[in-house]
Each structure stands twice: as structure tokens, then as C-alpha cells.
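As a plain string of letters, each chain reads:
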Amino acid sequence: MADIIHFNDFTIEQLGQCKVPSPIELSHTHGDFRANYVKDSAFVRQNINIFYDSKVEDDLTSNNLMQKAGPREKIYFDPVHVNAAICTCGGLCPGLNDVIRAVVRCLYMRYGVRRIMGFQFGYKGFLSEYAFNTIPLTPENVDTIHKIGGSFLGTSRGGGNRVIDIVDCIERLNINQLYVIGGDGTLRGAYDIACEIEKRGLKVAVIGVPKTVDNDIEFIDRSFGFETAVEKAREAVSSIHMEAHSQINGIGLLKLMGRESGFIAMATSLASHETNFCLIPEIPFDLDGPNGFLMNLEKRLERRHHAVIVVAEGAGQELLNATNQKDDSGNKKLADFGTFLRDKINSYFANKKIHINLKYIDPSYQIRAAVTNANDSIYCERLGNNAVHAAMAGKTKMVVGLVHDKYVHLPIKMVTKQRKRVDPEGSMWRDTLDATGQPILMVNNMKSALERMEKMSMEGMSKGE
């Protein structure tokens, strides 16, 4: 597993000196109608905020500087000798096929790499007992895959802990570039694989493209597929709002993805303009009591006679019985808060003899399998291209991501040390409260709420903006 670190170090590991001239003809000057090469000495500041009352000086060190992504003038690998491999791991997410397509086309058409293979069904595709054949990848057979959802290569959870067996496969097939598309568990596996590769003295670039529809990867502005997910979720809100608005005391309850981070629920609530309550893991709330959610819902029905509730899947877990189980990716299995809340609402109003008409929707898998919207498709294309540029330049143990609207290289150890979460005191959550009209906190005991938020902070909650 990746080492636990308590400070930022954005240093990118390099397989060796770059001596091969890049086949991509770019420029070092402006005004010649050609894009420019990117130097290893080009960086983006991680901390860009300036406070006049602060005494902290500008930190031009690896603690604050992220290496810019892009094509280098000299590369490490000779394209003729490159044998590249791609796999997708974990749950589905809009954009997987877009990234696969971008990686293949950039390798093949920009660098002239002719040996590209796809491993089927995640890390399990590397394991002999599953007997999954690799798929030769060319621009021809990936050219239209961005028009369909899912993963062209298939995906699965687990298998990443079989590091020795995976590296045996990589060594046996003479792979020297590995592109891994997956979330934090997948990326931790990729880091362990890269460490075993290094231990054996092999020269293999391991490059991650961070994938999580929850948008909870640390440091990066957004993960691919997130905007598509919000767009599809907004459509669901629109439908359930119309259903609720057309009924006597109609209630629309929508459960969305968000295991530990409520970015999708928050963004959907902002985008829809029809959400009245947004419940996310980062914000504590009580169900019962004079200031609890159910009483606030009752007051909303008294005023407007309908309500729309958006809830992230990881919200309210402390109110349910924990399963204490984990899935194959090592994620804690969550209790189903959506159906729990549905039943609680029905019971509450039945006991009060108040008529309601509640409709419950969970569109999660429909959203995960969706085709990307235009902006996500562009993002995936550029992520895939920059992943290839990094690998060809001999970078390893890193992911490519967008930070402050710039594409950068980030060490896997840094992006997997903790999850990004919504800042309860940040401007986006403030605007969400304005959009929904819900109370700042729906709790009966402020002390217990503060204790819970403090506990989350101690567990490594980071700012989400």
C-alpha cells in the first residue's frame, strides 16, 4: 500500500534521462502557429490564494509546485519499442471509453506506437486463472467507442492486491507502459504495482487517469464524468419535481452517488433550482426533534405543499446499523440510506395522519452508464493525451489531472492520501443553502454536531473548493 504522508510533495518520479527526439513537431517560440513543447521546469502553484494579512511567503518548492503536463521535446521511450497496455477498474463512470480512445489514438497517431493492448475486466485481466484474452487496440477499433457508455474493455473490482502476479504478467508480455483508469483504490494498486516493477529493475511507466464519478480525488478540479453525472441527475430532479408538484403534499426523494463526498448532490441541487433539501455526508443532521429534518420537511409541506429531496448515498450513515463489510475494492459497504429515509418519511407522516404522496428514484446505474456530454468528452480527450505525453517522457507513479484549469502531473501517493470533501463553510455549500432554502443545520444539539464535524476533520477532511 502507498505510504501515509502528512505533507505535500509533488515531485514526479522519472524512469531515466530523456534522449529520444519526440516525433511530435512542436515549437519553443510564439507566433509560428505551432503549439509549444512543455518543459519539466514548468509548474503550476497548488496554493494560489493570496492574503495581505498573512506572513506566509510564496513557496516555490515541491511542497507547492505541480509539474505541468504536455509533450516534451525529448522523450524517454523510442516509440518503435513501446508495448503499451490499458485497463479500466472499479465501477462504471461516463467517459471511460473516451479516455481509452484518446490514449490509443495519441499513442498510435502522434507517436507512432503500434503495439497497444487492452486488458479486459480490470486487474483481473492480468491474472491467469480468469483466462481473459487481451484486445489489440488500434484507432480503427476504438474510433466510435466514445458514442457508447460503459467500458469497451470491461471493468471489475478487486485484484489489485495481487501485485506479484500482475507484475509477472507485465514482465512476461514485455509491457513498458501501463495506463490505469480507476479510482483511489485502483490507483493505490497501481502504485504498489509500480513499486514492485521498480524493485525488479524494470523500466515501465505506470500512469493513472483518476476516475471517480463522486469527484472526490484530492487536488484535482474535477474528475471526468462528473459533469455528465450532474446533468443526468438534474434531469431526474426535473422529473421528480414535476411528479411532486402535481400531487397533494407530493414528495420527490432522489438518491445520488456520493459515498463520502456530496459533490454530485450539491451540484445537482444548485443546477436544478428545484431542490428543497440536500443531504450530504459532510453535513450532520438529525431526523427527529424540533430542529430535525422531518420537522423541517413538514414545515415545507405546510408552506408549499410539495418538496424535493436530494440525498447522497453516504449521508446519514450514523443513523443506520453499520454493515462493517467491504466490497472487492476495499470500500466500506454502505447501508441504503435512500430506502431508509423513504420509510422514515412515510412512517412520520402516517403517525401524524398527514396525507403525502412520496416517489423515490435511484438513477445511479443509469447515470454511471451514460455517454459523456460535450465538456466531459473534451476533458477525457485531453486527459488521455496528457497521460500519453507523460508516459512517453518516462514519468511514472503519477496521474494526470486538472488543477486551476491547467493539466498537471500529480504523484499517486498524493492524490490517494485522503478524499476530497465538500467544505461545510465554503462558498459552494453556502450557495447550495441559498438555492434550497434549507436551514444551515438541522440538528437539535449543536455541540454534538460540532463534535461530528471535528471528527471528520481529524480523519482528513480537505477543502472541496
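Residues numbered from 1 in each chain as written. Predicted model: local features only at pLDDT ≥ 70, side-chain atom pairs only at ≥ 80, totals over all residues. Heavy atoms only, no water.

(A) Structural context of the overall build of the protein chain. Summing up its helical and strand segments, the protein chain has 13 helices and 17 strands in all. Computed over its C-alpha atoms, the radius of gyration of the protein chain comes to 24 Å, within 12% of the 23 Å expected for a compact globule of 465 residues. The buried share of the protein chain, taken over its 465 residues, is 54%. With an accessible surface of roughly 21200 Å², the protein chain has 49% of that area assigned to carbon and sulfur atoms. (Helix = DSSP H or I, 4+ residues; strand = E, 2+ residues; numbered from the N terminus. Rg over C-alpha atoms; globule rule 2.2 N^0.38 Å. Buried < 20%, exposed > 50% of the residue type's maximum accessible area, 1.4 Å probe, protein only. Areas by Shrake-Rupley, 256 points an atom, 1.4 Å probe, with all protein chains shown as cover.)

(B) Quick peek at the side chain of D184. When you line up the elements, D184 lands in helix α4 (residues 184-199). Those residues in contact with D184 that sit more than four places away from it in its chain are I217, T416 and R419. (Contact = heavy atoms within 4.5 Å.)

(C) Seen up close, the sheet that holds strand β9 (residues 177-182). Taking strand neighbours across the sheet as the criterion, the seven strands line up as β8-β7-β6-β9-β10-β16-β17 in an open arrangement whose pairing is mixed. The sheet terminates laterally at β8 (135-136) and β17 (406-411), the two strands that pair on one side only. With six bridges joining them, strand β16 (residues 398-403) and β17 adopt antiparallel strand pairing. Counterpart to G401 in the pairing with β17 is V408. (Pairing = 2+ DSSP bridges.)

(D) Representation of the side chain of N249. Assignment of secondary structure puts N249 in the loop between α5 (226-245) and β11 (250-256). Take N249: its relative accessible area is 14%, and that puts it in the buried class. Looking at N249, its side chain comes within polar contact range of the main-chain oxygen of H355, at 2.9 Å. Residues within four places of N249 in sequence aside, it is in contact with L301, H305, I354, H355, I356 and N357. (Polar contact = N/O pair within 3.5 Å; in protein donor to acceptor, adjacent residues only side chain to side chain.)

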